[in-house]
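Single-letter residue listing:
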Amino acid sequence: MEFMRRKMKTIVFLNALATVIWCAPPRCDPGDELLGRFCKGPEPEKPKCVDIMMNYCDDMSYTHTMFPNILGHRTREEAELGPEYLLLSVVQNLLSGECTPDIRMLGCSVLVPRCEKEKVLKPCRSTCEVVRKNCRHAFEGIKMAWPYFLDCDRFFVSDQEGCYDPLEGLRVTQEEAQASIGNTPEETHTIIQFSYQSNAQMNSILKKTAARCPEIATTYSIGRSVEGKDLLVIEFSNNPGVHELLEPEMKYIGNMHGNEVLGRQLLIYLTQYLCSEYLLGNQRIQTLINTTRIHILPSMNPDGYELAAAEVQGTNDPENEEAQNYHSWTLGRGNAQNIDLNRNFPDLTSVAYSRRRHRHFRSDHIPIPDAYWFDKVAPETYAVMKWIRSIPFVLSANFHGGELVVSYPYDLSKHPLEEKMFSPTPDEQVFKQIARTYADAHATMSGNNSERCGNFGSIGQDGIINGAKWYSFAGGMQDFNYLHTNCLEVTVELGCDKFPAEEELYTGWQDNKEALLTFMESVHRGIKGIVKDADGNGIKGARISVRGIRHDITTAENGDYWRLLTAGIHILTASAPGYTRAMKKIHLPARMQKAGRVDFVLQKAVVKPDIEEDYNIPSMGTYERFDPYNQFERYAISEQNQNREERQEKPWWWSYFSRAHGSAPTWLLRID
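Computed from a prediction, not measured in an experiment: that's the story for all the values here.

Q: Which residues make up the sheet that holds strand S14 (residues 543-546), and what are the values?
A: With antiparallel pairing, the four strands of this open sheet are ordered in space as S15-S14-S17-S18. One side of each edge strand has no neighbouring strand; the edge strands of this open sheet are strand S15 (549-554) and strand S18 (582-588). Between one strand and the next, the sheet's axes are offset by a mean angle of 25°, whatever the strand orientation. Judged from the seven bridges that link them, strand S17 (residues 568-575) and S18 form a sheet pairing that is antiparallel.

Q: With reference to specific residues and values, describe the pairing of strand S7 (residues 249-253).
A: The side chains of a regular strand alternate, first on one face of the sheet and then on the other. Buried residues dominate S7, accounting for five of its five residues. Where burial is concerned, the two faces of S7 agree: the one with Glu249, Lys251 and Ile253 and the one with Met250 and Tyr252 are both buried. Where S7 meets strand S8 (residues 293-297), five bridges bridge the pair, whose relative direction is parallel. Looking at S8, one finds that Met250 is bridged to Ile294.

Q: An account of the pattern of salt bridges is needed here, citing residue identities and associated values.
A: Where charged atoms of side chains with opposite charge meet at close range, the side chains can pair. Taken as a whole and assessed by the stated rule, the structure comprises 22 salt bridges. For the salt bridge of Asp153 with Arg125, the shortest nitrogen-to-oxygen distance reads 3.8 Å. Remark: Arg125 occurs in helix H5 (residues 125-141) and Asp153 occurs in helix H6 (residues 152-155); sequence separation between them is 28 residues. For Arg125, a relative accessible area of 21% puts it in the partly exposed group. The partner of Lys540 in a salt bridge is Glu557, with the nearest N and O atoms 3.3 Å apart. Here Glu557 lies in the loop between S15 and strand S16 (560-563) and Lys540 lies in the loop between strand S13 (527-533) and S14, a separation of 17 residues in the sequence. Note on accessibility: Lys540 and Glu557 belong to one class, exposed. Residues participating in the shared-partner salt-bridge network are Glu227, Lys229, Asp303 and Glu306.

Q: Outline empty space enclosed by the protein, supporting the account with residue identities and numerical values.
A: Summed over all chains, the structure comprises five cavities of 30 Å³ or more. As a volume, the largest cavity reaches approximately 50 Å³. In terms of lining residues, the largest cavity is bounded by Phe393, Val394, Asn486, Leu488, Ile553, Trp562, Arg563 and Leu564. Elements represented by at least two residues in the lining of the largest cavity include exactly strand S9 (393-400) and S16.

Q: Just give me the short version of the sheet that holds strand S12 (residues 488-495), but keep the residues and values in it.
A: On the basis of which strands lie adjacent, the open sheet formed by eight strands has the order S5-S6-S8-S7-S9-S12-S10-S11 and mixed pairing. Edge positions in the open sheet fall to strand S5 (217-224) and strand S11 (464-466), since each of these has one partner strand only. Ignoring which end each strand starts from, the neighbouring axes of this sheet average 25° apart. Packed on one face of the sheet, helix H9 (residues 262-279) meets strand S6 (230-236), S7, S8, S9 and S12 and runs near 140° to S8. Where helix H18 (residues 505-521) meets the sheet, its contacts fall on S7, S8, S9 and S12, and the angle it forms with S7 comes to roughly 150°.

Q: If you had to explain the state of the cysteines to someone new, which residues and values would you point to?
A: Applying the stated rule across the entire model yields six disulfides. One disulfide in the model links Cys213 with Cys275; its S-S distance is 1.9 Å. Residues Cys213 and Cys275 are joined by a disulfide whose S-S torsion is about 80°; by sign, that bridge is right-handed. One end of the pair, Cys213, is in the loop between helix H8 (199-212) and S5; the other, Cys275, is in helix H9, and 62 residues separate them in sequence. Judged on exposure class, the residue Cys213 and its partner Cys275 are both buried.

Q: Break down the packing of helix H15 (residues 428-441) against H18 for me, with residues and values.
A: At a minimum axis distance of 7 Å, the contact between H15 and H18 shows a crossing angle of 150°. On the basis of their axis angle, the class for H15 and H18 is roughly antiparallel. Here the hand of the crossing between H15 and H18 comes out right-handed. Between H15, through Ile434, Thr437, Tyr438 and Ala441, and H18, the contact on the second element is made entirely by Asn512, Glu514, Ala515, Leu516, Thr518 and Phe519. For the contact of H15 with H18, the class distribution of residues is six nonpolar, three polar and one charged.

Q: Tell me about H9, and name the residues and values.
A: Over its 18 residues, H9 extends 26 Å from the first C-alpha to the last, a length consistent with the 26 Å expected when each residue adds 1.5 Å. Most of H9 is tucked away: 17 of the 18 residues are buried. One or two residues past the end of H9 sits Gly281, with phi positive at roughly 90°.

Q: Let's hear about H8: which residues, and what values?
A: Residues separated by three or four positions in an α-helix point in the same direction, a consequence of the helix having 3.6 residues per turn. Here H8 contains 14 residues, and its C-alpha end-to-end distance of 20 Å stays within 8% of the 20 Å for a straight helix at 1.5 Å per residue. Of all 14 residues that make up H8, 10 are buried, and the element is covered over most of its length. Looking only at H8, the buried set comprises Asn199, Met202, Asn203, Ser204, Ile205, Leu206, Lys208, Thr209, Ala210 and Ala211.

Q: Account for the environment of Asp364, with residues named and values stated.
A: In this fold, Asp364 is placed in the loop between helix H13 (348-354) and helix H14 (379-390). Spatially, the C-alpha atoms of Asp364 and Leu483 are 4.7 Å apart, while their sequence positions differ by 119 residues. Within the structure, Asp364 has its side chain in polar contact with the backbone nitrogen of Asp552 (distance 2.9 Å).

Q: Can you lay out unusual backbone geometry for me, pointing to particular residues and giving the numbers?
A: The general pattern is negative phi for most residues beyond glycine and trans for most peptide bonds. The peptide bond linking Phe67 to Pro68 adopts the cis configuration, its omega dihedral lying at 0°. Mapped onto the elements, Pro68 comes out in the loop between strand S2 (64-65) and helix H2 (76-80). At the junction of Pro409 and Tyr410, the peptide bond is cis and its omega measures out at 0° in the coordinates. Along the chain, Tyr410 turns up in the loop between strand S10 (403-408) and H15. Phi at Glu118 takes a positive value of approximately 60°, unusual for a residue other than glycine. As for its position among the elements, Glu118 is in the loop between strand S3 (114-116) and strand S4 (119-121). Overall, Glu118 belongs to the partly exposed group, its relative accessible area being 46%. Positive phi, close to 60°, is recorded for Asn255, a residue that is not glycine. Inspection of the secondary structure puts Asn255 in the loop between S7 and H9.

Q: Mind laying out the packing of helix H3 (residues 83-94) against helix H4 (residues 102-111), listing which residues take part and the relevant values?
A: Helix-helix packing: each pair is described by the crossing angle between the helix axes and the interaxial distance. Where H3 meets H4, the axes come as close as 9 Å, and the angle between the chain directions of the two elements is 160°. Classified by the angle their axes make, H3 and H4 are roughly antiparallel. In the crossing of H3 with H4, the sense of the turn from one axis to the other is left-handed. Packed against H3, whose contacting residues are Glu84, Tyr85, Leu88 and Val91, the element H4 presents Ile103, Arg104, Gly107, Cys108 and Leu111 at the interface.

Quick notes on the rules
Positions within a chain are numbered from 1, following the residues in the order the chain's sequence is written. Given that this is a predicted model, residues contribute local features only at a pLDDT of at least 70 and side-chain atom pairs are listed and counted only at 80 or more, while totals for whole chains, interfaces and linings are drawn from all residues. For side-chain calculations, the full set of non-hydrogen atoms in the structure is used, while hydrogens and water are omitted. Two strands pair if DSSP finds at least two bridges between them. Runs of H or I in DSSP of at least four residues are treated as helices and runs of E of at least two as strands, each being numbered from the N terminus. Angles here are taken between N-to-C directions and fall from 0 to 180 degrees, while the axes themselves are lines fitted to C-alpha atoms, restricted in helices to the stretch in contact. Buried residues are those whose accessible area, probed at 1.4 Å on protein chains only, stays under 20% of the maximum for their type, while exposed residues exceed 50% and partly exposed ones sit between those limits. Salt bridge criterion: a side-chain nitrogen from Lys or Arg within 4 Å of a carboxyl oxygen from Asp or Glu. Cavity means a closed set of points on a 1 Å grid over the protein atoms alone, one where a 1.4 Å probe fits but cannot get out, pocket means an open set with protein on both sides within 12 Å along at least 5 of 7 lines, and lining means a residue has an atom within 4 Å of a point. Grid points are joined across faces, edges and corners, and a volume is the space filled by probe spheres set on the points. Any pair of residues with heavy atoms lying within 4.5 Å of one another is described as a contacting pair. Criterion for a disulfide: a pair of cysteine sulfur atoms at a distance within 2.5 Å. Roughly parallel here means an angle under 35 degrees, roughly antiparallel means over 145, roughly perpendicular means 65 to 115, and every remaining angle is called oblique. Handedness of each helix crossing follows the sense of rotation of the near helix against the far helix: counterclockwise by less than a right angle gives left-handed, clockwise gives right-handed. Think of it as three bins: nonpolar holds Ala, Val, Leu, Ile, Met, Phe, Trp, Tyr, Cys and Pro, charged holds Asp, Glu, Lys and Arg, and polar takes everything else, Gly as well. By this rule the span expected of a helix is its residue count minus one, scaled by 1.5 Å. Identification of polar contacts relies on pairs of N or O atoms within 3.5 Å, with a donor-acceptor requirement for protein atoms, meaning one able to donate a hydrogen and the other able to accept it, and with residues adjacent in sequence counted only if both atoms are side-chain atoms.

Okay, structure coming up:
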């Protein structure tokens, strides 16, 4: 019986084993799948840690990764062929070296994530957020969106989830480098590339600068050139885009003549310097920007610059130096219509001369004669006039080349037959002070041994000159500023060479940097204040008069004003239609570093007809009458067409990425 039981157990075991073997799918032989036979393939291999073998990611702090990666690329080859890796390979050149290698290493942490013990570790979200905060502006500067695969919330994790710092190796390298140069770190400073830029590159620098310093800078366009190029302004202020009560506004304008280029370059460098030094904690720059609203237009004539730059590049013939010098004085001076922009403004100086003996006439806020609009008005001139009228500028300088001097109004001789006649404004002493501010702070301009070019005869040795005494012309921008607005503008001639060699740009910056800063700071001289009514409301358009100076300034929107004055005793009068006059006597000390505060309160009064005559210039119309024949409408239509075309254009880098891949990486495009 025992034998039979053992035999039965053996039979049952063998039957069970046979059943298992029979039920298991057969092993696959070659060709089985083609014949429709069911078989079991080999078990797929589990992902394993592998060596990083991608050139642009070989300097990470770890050596092993795993595929599929965080983005779902199944193999190294697939990751290398993607637009993400292509972007990392060129990001240093795209961003001109900014934020590298941080961006590249951050991207590598997603493309080749760290692998330990056959497990992928994700990079830290905190590291991503720091890089995004510091580097987003660089992408905005080239009109590129922040890369989707650097989305800090999507592909990065918190410290609590067990992340790692992808920039760990970079920080170690930086610490070692710091240790190698000793315990005293080298003083941080602003780095500027002293080279010429195309118009597109210039605008890119301005936008990148504003994006880097968004809390103190912004860019805006005041219009377009004949050929549709933006007249781009960058503004610096502790509250950009807003006029703040009692904060003075000043402007710099460069490249009015397209072939006079040093001013353009200096203003580009100045924008980078202001942003960088503010971030570095430079107390002087922080004080300047926190108390002043600064507007910088590096190129008023981008079309002329383009022509002049092309001509300079095409005439590098050392045997034909005479031809080169001739062309540098002519080609590109005017705009694309060949209009000299510094002769294209309304000739208000002649109006001032013709009416200066009128009892109630003053040399301020002279309306633009209707006859002006019958002549050819350049779109660049038009744009600047509208800009000047829209902002209560106090001080201004425009930059030229061909001589080494600061010229101040009037530019037009007071005698029609005299080409070189001293022709002062009522603010002669103030203008001389303003001009000397720049000339004295310049490295060589005011020195007795300064190089003088002699292109327009003798200009003296103190570095400043009355414009009409130098040489007379009508339709200049600085005369228009003075006679039509509150703004006092001078013309800075930066040197004999209108288009200096690139290697001379650094010297030009060093010679002018202190003068540029000192001139901006000088907007805080004189007096400032608010004119209010009895209820405490600011009075717009009230006049501030200074006894002995037949040139008034007017209050801005909220009743605030600024009046540049020399040191001494002054008698001031505030007046406005419908109010009684108020008078104050003040003393400005010689070494006063900031504007004195002088407020006025005006009482309501009955307006008498004979008093009202004081506020209008006979037979001239009103100040508000601007563009009576709708010149602006024609320019506005042109600008709208340009904007429509611009929206359809892709950034300059787009073709590189779209050609490299079958499907265009639209995630690179910014959506404004």
